[in-house]
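The lines below spell out each chain.
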Amino acid sequence: QQPVQSPQAVILREGEDAVINCSSSKALYSVHWYRQKHGEAPVFLMILLKGGEQKGHDKISASFNEKKQQSSLYLTASQLSYSGTYFCGTPALKGTASKLTFGTGTRLQVTL
Amino acid sequence: DVKVTQSSRYLVKRTGEKVFLECVQDMDHENMFWYRQDPGLGLRLIYFSYDVKMKEKGDIPEGYSVSREKKERFSLILESASTNQTSMYLCATRPGTLNTEAFFGQGTRLTVV
């Protein structure tokens, strides 16, 4: 099952903050975040690991609540370049295979 | 730089045709994935492969099959294309180790008429 993201879409003015949430019905051991700009491939932002370790972006932060099976992405002082669709990804082990499932997406538009 | 190349950016096919979407990676990654992207539904996993000739169904495998004869190449096959398979198809790769990022191809916009 896909993780569910909220909100589905958000419009911000430059400099405003936003929070994007990702919720899974399954236990998580890590969460990925990706951003896809219009007409481009999704690009990796960060990985959040159990225990709070975070690898990735220096201007965007995120949290991971393992017990609630949720992650949130925090975009502060947004810039025009933040516009795009954000996806959370939840890896899962299926036997020896590493499955990667993505969420429903959040479309973010930053305006002047 | 990791390169994930999908054979076509745009493709138009007729209903009932057999369609092949190809994905090639140059980073020796064990895992390869096919997703379809539709508005409001995000990225949905069709199939993935963790080794040559090894495959697993994703969340929406119906109407699709895959082939991985060589490590660098992962093909998605629509046996008999239908209009409800009109979509953006994205290929991704990922190393076999845990906690590693995925790399995506540019996508193939498939229209079935």
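This text goes with the structure placed above it.
1. Structural notes on the packing of aromatic side chains
Thinking step 1. Under the criterion given, the structure shown has nine aromatic pairs over all chains.
Thinking step 2. Centroid distance F33 of chain B to F48 of chain B: 5.9 Å. Interplanar angle 20°. Geometry classified as stacked. Of this pair, F33 of chain B sits in strand β4 (residues 31-38) while F48 of chain B sits in strand β5 (residues 42-51), and the two are 15 residues apart along the sequence.
Thinking step 3. Taken together, the ring pairs in this structure connect Y34, F44 and F102 of chain A together with F33, Y35, F48 and F104 of chain B into an aromatic cluster.

2. Examining the interface of chain A and chain B
Thinking step 1. With 29 residues of chain A at the contact, the number on the chain B side is 26 residues.
Thinking step 2. Across the interface of chain A and chain B, roughly 2200 Å² is buried in total on both sides, 55% from carbon and sulfur atoms.
Thinking step 3. Sorting the residues of chain A by area buried against chain B places S98, L100 and F102 of chain A first, and these three jointly supply 20% of that buried surface.
Thinking step 4. Inspection of the chain A/chain B interface yields one salt bridge.
Thinking step 5. Across the pair D59 of chain B and K99 of chain A runs a salt bridge whose closest N-O atoms are separated by 3.5 Å.
Thinking step 6. The interface formed by chain A and chain B holds seven residue pairs in polar contact (both at pLDDT 80 or more) in total.
Thinking step 7. At the level of secondary structure, the elements contributing two or more residues to the side of chain A that touches chain B comprise β4 (30-36), β5 (43-49), β9 (84-94) and β10 (97-102) of chain A.
Thinking step 8. The biggest single contributor to the side of chain A that touches chain B is β10 of chain A, with six residues.

Cut-offs and rules
Residues numbered from 1 in each chain as written. Chains lettered and ligands numbered in written order. Predicted model: local features only at pLDDT ≥ 70, side-chain atom pairs only at ≥ 80, totals over all residues. Heavy atoms only, no water. Phe/Tyr/Trp six-rings, centres within 6.5 Å; stacked < 30°, edge-to-face > 60°. Helix = DSSP H or I, 4+ residues; strand = E, 2+ residues; numbered from the N terminus. Contact = heavy atoms within 4.5 Å. Buried area = accessible area lost by both parts, 1.4 Å probe. Salt bridge = Lys/Arg side-chain N within 4 Å of Asp/Glu carboxyl O. Polar contact = N/O pair within 3.5 Å; in protein donor to acceptor, adjacent residues only side chain to side chain.

None of the figures reported here should be taken as evidence of function without further support.
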